Every structure is written in C-alpha cells, then in structure tokens.
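Read off the chains here:
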Amino acid sequence: MMIKQLKEMTRKFWSKFFKSKGQVKLGFYGPPNAGKTSLANKICQDWLGEDLGTVSKIPHETRNVQFKEKVEIEKDGRKLEFKLIDTPGIATKIDFEEFMKFGMNKKDSQSRAKEATQGIIESIKWLDDMDAVVIVLDSTENPYSQVNITIIGNLAARDIPILIVANKIDLKKSSIKKIQSAFPEYKVVGISAKSGEGMESFYDEIFKLVKRAK
Amino acid sequence: MTKKDSKNNRDVTIHFMPYSEISRDDSLTRIKKIVGLVLENRIIILQGRLKPEEETKLIETTMTLIGNIKGFQGVEISTLSGDTDQSLFNKIRHNIARILVGEQDAITLIGPASFIKEIKRDPKKIELLLKRK
C-alpha cells in the first residue's frame, strides 16, 4: 500500500515537472454519442479551419484515439496552446446487434463491435497521460450513469482537472441542471457543438481549466 | 451437458456478496471474482463499492472478453452511494468511516449485460430492468 502511494506521488511529481515544459494534453472523454468528436470538430473548425474526425448517429463512430497536435485559441487578448485528444466513448457493454438496427450487416456490425471494445480499452489507458480533461455529456440523458461516475472518479483520483460539458442544449429535452446536481463539485458549462451555442463560455472555461493543469 | 442443464445455464441468479468477501483481496483478485460470477450469469449485489481504478479495470477486462465468449456483451454496473449528503460534517464522517472499515457505505449492482436491459439510477435509488426471455 505504502509503495503504491509512493509510486503515485513520484508519478505525479515527474508528470508535473515535464508538463510545465511541454504542451498541455487536453482529453475529451465521455460516453458514446455524447458529442465528443462534434465538439472537437467545432474547436478545430473555429481555430484551424478543419475537422478532426467523422461523426455519426451510430454509436462508437470514434474507435481510435484522435489527435490535433497543436491547437491555438485566442480570446480577449489571451492565447492558449494545447494538444487536443479525442477519445472513443467509454461503455460497459457492446452488443453488435445494436448496430444492425442502424442498417449495418452482421459482419460489419461484429467488426465494429470488436473495434469499439479495443477503442474503450485504449481510452482507459490514455487516462493516465492527460493533463486536463473535458467530460462531454449528453444533456438530454440521465447523468447518473456509472460510466460517467467511473471516468470522473478515476480523474479525481489522479488529480487531473476536469470541466464538464453539457452538450446538445439546443434540444428540447436538455437539462443542464440535472448534470449540475449530479456533479456539484465540478464546473458545468452548457453548449451545443452543433449550433455553436455556449461556445464563448466554453472557451473561457478552457482557459481556466488549462491554467489549473499547468 | 443435457438439454436441461443447457437451459439452466441461461437462468440468472442473484448473488449477494458481503464486503468481507472482498475486503482482504487485492484489486486483481476482486476483478477475477466478479468476472467469474458474471460469466456464470449471476447478478451481484455487492455490499460496498469498487475503487474507481478497479471499475476501469473491470471494464477493460470485460471488453477483452466480448467477441471471445459466445453471447457475452459486457456488464451493467451501478453504485448507490451512502454519501449523498454533501455537508462538510458528513463528508468528514464518511471519510473517517471509509478509512476505518472500507467502502461499505454503498451498494453496487453488477451483472451480465445480456440479461440486464437497463439499470436506472437516480441519486436515491437503483432500478434493475431484466430482459424478457
């Protein structure tokens, strides 16, 4: 137990030491179909003029970790630079038959399911390497899912700063309040990656988040 | 295996696991125990909770099994914690209790996703919806 705690302290010390010299790694985490890639695309479009990845209504569209090595944002005379890392959605179950409901054939569905399981494992492995994390949640869904609690619990245990994004606020069923009451210890910002609503507040919070990571 | 045995294999069992059953285990042994029971089609009601890193380890382990074990789709998991009262006094009291007796002030439900349709959770209750066979 003591050795484990010492190891963790050493890891945190060295990661902080190197972090101050390098670029901040900003990860996008959350359950499937919450809009992580849509938000990453919105940021990349706003500041680089290009997309990061493809989006789809079919869950687990992102099945590999995707990067943008250098994103530079500017706001009110301030500049911020970070490496953007978009991760596959984390889930506790995958049923290939769910993909068939979207019109995919059995073989493709099975292959997508296999890739999705590997993507989830990859996402979890990357948790250790993040300097700060944006948790993207679908504000029309119940936030009390164990996946959300598990991701946030892991980041808190690693002392990694978190910003929670309540996405899809353009939809009627959306409720930022539900997410705020589920995670009262964290800052929650409401946005729509699709319409761009709330992005100004989001960028303000990103400056604060990255500052906490430095 | 007889036809009857095979049918019984599709039955689901509720397994109550007191915290004492895992309190002395290391993380790997805990995960192995839980995965073993889930593969026997058991829905585990665990007194207490897993550590966040154990939950991710459980997800990683079960992800490697999907596609390799016929019909296995992963797990459903939900924890109902006793620390919903966020007042400072209760937080301190809860943390002291956790250090002394472990994470017993919670209930965790873990089961095979192929049997569980959904676990609905709000801050004060968990509802388990099973699939119709």
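Structural data are supplied above this passage.
Anyway, here's the lowdown on the structure attached to this text. (Residues numbered from 1 in each chain as written. Chains lettered and ligands numbered in written order. Predicted model: local features only at pLDDT ≥ 70, side-chain atom pairs only at ≥ 80, totals over all residues.)

### Examining the overall build of chain A
At step 1: In terms of regular secondary structure, chain A is built from seven helices and six strands.
At step 2: Taken from the N to the C terminus, the helices and strands of chain A come in the order α-β-α-β-β-α-α-β-α-β-α-β-α.
At step 3: The C-alpha atoms of chain A give a radius of gyration of 17 Å, which matches the 17 Å a tight globule of 214 residues would have.
At step 4: Over its C-alpha atoms, taken along the principal directions, chain A stretches across nearly 50 × 45 × 35 Å.
At step 5: When each of the 214 residues of chain A is scored for burial, the buried share is 43%. (Helix = DSSP H or I, 4+ residues; strand = E, 2+ residues; numbered from the N terminus. Rg over C-alpha atoms; globule rule 2.2 N^0.38 Å. Buried ≥ 20, exposed ≤ 12 C-beta atoms within 10 Å, placed from the backbone.)

### Examining the sheet that holds strand β3 (residues 78-86) of chain A
Residue and element names in this part refer to chain A.
At step 1: In spatial order, the strands read β2-β3-β1-β4-β5-β6; together these six strands make up an open sheet with mixed pairing. If you trace the sheet from one side to the other, it starts and ends with β2 (66-75) and β6 (188-190), each paired once. Taken pair by pair, the neighbouring strands of this sheet meet at an average axis angle of 30 degrees, ignoring direction.
At step 2: Bridge count between strand β1 (residues 24-29) and β3: five bridges; the pairing is parallel. Following the sheet pairing, K25 is matched in β3 by K83.
At step 3: Where helix α7 (residues 199-213) meets the sheet, its contacts fall on β1, β2, β3, β4 (132-138), β5 (162-167) and β6, and the angle it forms with β3 comes to roughly 85 degrees. (Pairing = 2+ DSSP bridges. Axes fitted to C-alpha atoms, helices over the stretch in contact; angles between N-to-C directions. Contact = placed C-beta atoms within 7 Å.)

### Some words on unusual backbone geometry
At step 1: At N33 of chain A, a position not held by glycine, the phi torsion is positive, near 65 degrees.
At step 2: Here N33 of chain A lies in the loop between β1 and α2 (36-48).
At step 3: For N33 of chain A, a count of 21 C-beta atoms within 10 Å gives the class buried.
At step 4: One non-glycine residue with positive phi stands out, namely N41 of chain B, at about 60 degrees.

### Digging into the sheet that holds strand β2 (residues 42-47) of chain B
Residues and elements named next belong to chain B.
At step 1: Pairing is mixed in the open sheet, where four strands are placed in the order β1-β2-β4-β3. Every interior strand has two partners, whereas the edge strands, β1 (13-17) and β3 (75-81), have only one. Direction aside, the axes of adjacent strands within the sheet are offset by 15 degrees on average.

### A short note on the interface of chain B and chain A
A common measure of how large an interface is: the accessible area buried when the components associate.
At step 1: Taken together, the contact between chain B and chain A spans 21 residues of the former and 19 residues of the latter.
At step 2: When contributions to the side of chain B that touches chain A are tallied by element, the ones reaching two or more residues are α3 (52-65), β3 and β5 (116-122) of chain B.
At step 3: Broken down by element, the side of chain B that touches chain A gets its largest block of residues, seven residues, from α3 of chain B.
At step 4: Of the residues in the side of chain B that touches chain A, the class split is eight nonpolar, seven polar and six charged. (Nonpolar A, V, L, I, M, F, W, Y, C, P; charged D, E, K, R; others polar.)

### As for the packing of helix α5 (residues 146-157) of chain A against α3 of chain B
At step 1: Between α5 of chain A and α3 of chain B, the shortest axis-to-axis distance is 8 Å and the interhelical angle comes to 130 degrees. As judged from the angle between their axes, α5 of chain A and α3 of chain B are oblique. In terms of crossing hand, the pair formed by α5 of chain A and α3 of chain B is left-handed. Each of T150, G153, N154 and A157 of chain A in α5 of chain A lies in contact with α3 of chain B, whose residues at this interface are P52, E53, E55 and T56 of chain B.
At step 2: In terms of residue class, the contact of α5 of chain A with α3 of chain B is made up of two nonpolar, four polar and two charged. (Parallel < 35°, antiparallel > 145°, perpendicular 65-115°, else oblique. Left-handed = near helix turned anticlockwise from the far one by under 90°.)

### What about the pairing of β1 of chain A?
Residues and elements named next belong to chain A.
At step 1: Across the six residues of β1, five count as buried, placing the element largely inside the fold.
At step 2: Pairing of β1 with β4 involves four bridges; the strand directions are parallel. Its bridge partner being in β4, L26 is matched across the sheet by A132.

### Some remarks on α3 of chain B
Residues separated by three or four positions in an α-helix point in the same direction, a consequence of the helix having 3.6 residues per turn.
At step 1: The terminal C-alpha atoms of α3 of chain B, which comprises 14 residues, lie 20 Å apart, in line with the 20 Å expected from a rise of 1.5 Å per residue.
At step 2: All of the buried residues along α3 of chain B are E55, T56, L58, I59, T62 and M63 of chain B. The buried residues of α3 of chain B occupy one face: seen down the axis, they fall within an arc of 155 degrees.
At step 3: Residues of α3 of chain B that are buried make contact with α4 (106-126) and α5 of chain A together with α2 (27-39) and β3 of chain B.
At step 4: After α3 of chain B finishes, the residue G67 of chain B shows a positive phi value of roughly 90 degrees. (Expected span 1.5 Å × (residues − 1). Arc of directions from axis to C-beta.)

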